[in-house]
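# Survey of secondary and tertiary structure
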Amino acid sequence: QVQLVESGGGRVQPGGSLTLSCTASGFVFSIYAMQWHRQVPGKERELVAAFNNDGQGINYAHSVKGRFTISRENAKNTVYLQMNSLKPEDTAVYYCYAVKIGQGVRTDYWGRGTLVIVSS
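Residues numbered from 1 in each chain as written. Predicted model: local features only at pLDDT ≥ 70, side-chain atom pairs only at ≥ 80, totals over all residues. Heavy atoms only, no water.

### Quick notes on the nonpolar core
If you look at the biggest cluster of nonpolar residues, it comprises 28 residues, and the most contacted ones within it are Met34, Trp36, Val79, Leu81, Met83 and Tyr94. Secondary-structure elements contributing two or more residues to this core are β3 (18–25), β4 (33–39), β5 (46–51), β7 (68–73), β8 (78–83), β9 (92–102) and β11 (114–118). In this view, Met34 contacts Leu4, Phe29, Ala50, Phe51, Ile70, Arg72, Val79, Cys96, Tyr97 and Ala98; residues no more than four positions away in its chain are not counted. (Core = buried A, V, L, I, M, F, W, Y, C linked by side-chain atoms within 4.5 Å. Buried < 20%, exposed > 50% of the residue type's maximum accessible area, 1.4 Å probe, protein only. Helix = DSSP H or I, 4+ residues; strand = E, 2+ residues; numbered from the N terminus. Contact = heavy atoms within 4.5 Å.)

So this is what it looks like as structure tokens:
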């Protein structure tokens, strides 16, 4: 059974840091491009950080560039999101997303999300 389980969310003061983790099971983690997205109630889900499908690069949303870092440990089937200098506008549910595109077929999975609240 495929699972993506996020952890590490919580409440933090502005300027603080959090590290989110997403541990995968049930599929070959190393061949999937891993991403972090976030969603605020009433708004569309947005991409925060992503490994490219070709595994050659990383993309960040403009709003988090220089503050957030995505990384992965294939041996642990885990992807991380290090978040520094957090702002109130970073408050959202953060979702882990795995995607693979091969021979025209897209296969993807979502985690259930972890809530991050940035507030004083």
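### Focus: the packing of aromatic side chains
Between two aromatic rings, the relevant description is the distance of the centres plus the angle of the planes. The tally for this structure, following the rule as stated, stands at 5 aromatic pairs. One aromatic cluster is present, formed by Phe27, Tyr32 and Tyr109 through successive ring pairs. The lysine or arginine in question, Arg45, covers the ring of Tyr95, its NZ or CZ lying 3.7 Å from the ring centre. Looking at Arg72, its charged tip hangs above the ring of Phe29, at a distance of 4.6 Å from the centre. (Phe/Tyr/Trp six-rings, centres within 6.5 Å; stacked < 30°, edge-to-face > 60°. Lys NZ or Arg CZ within 6 Å of the ring centre and 35° of its normal.)

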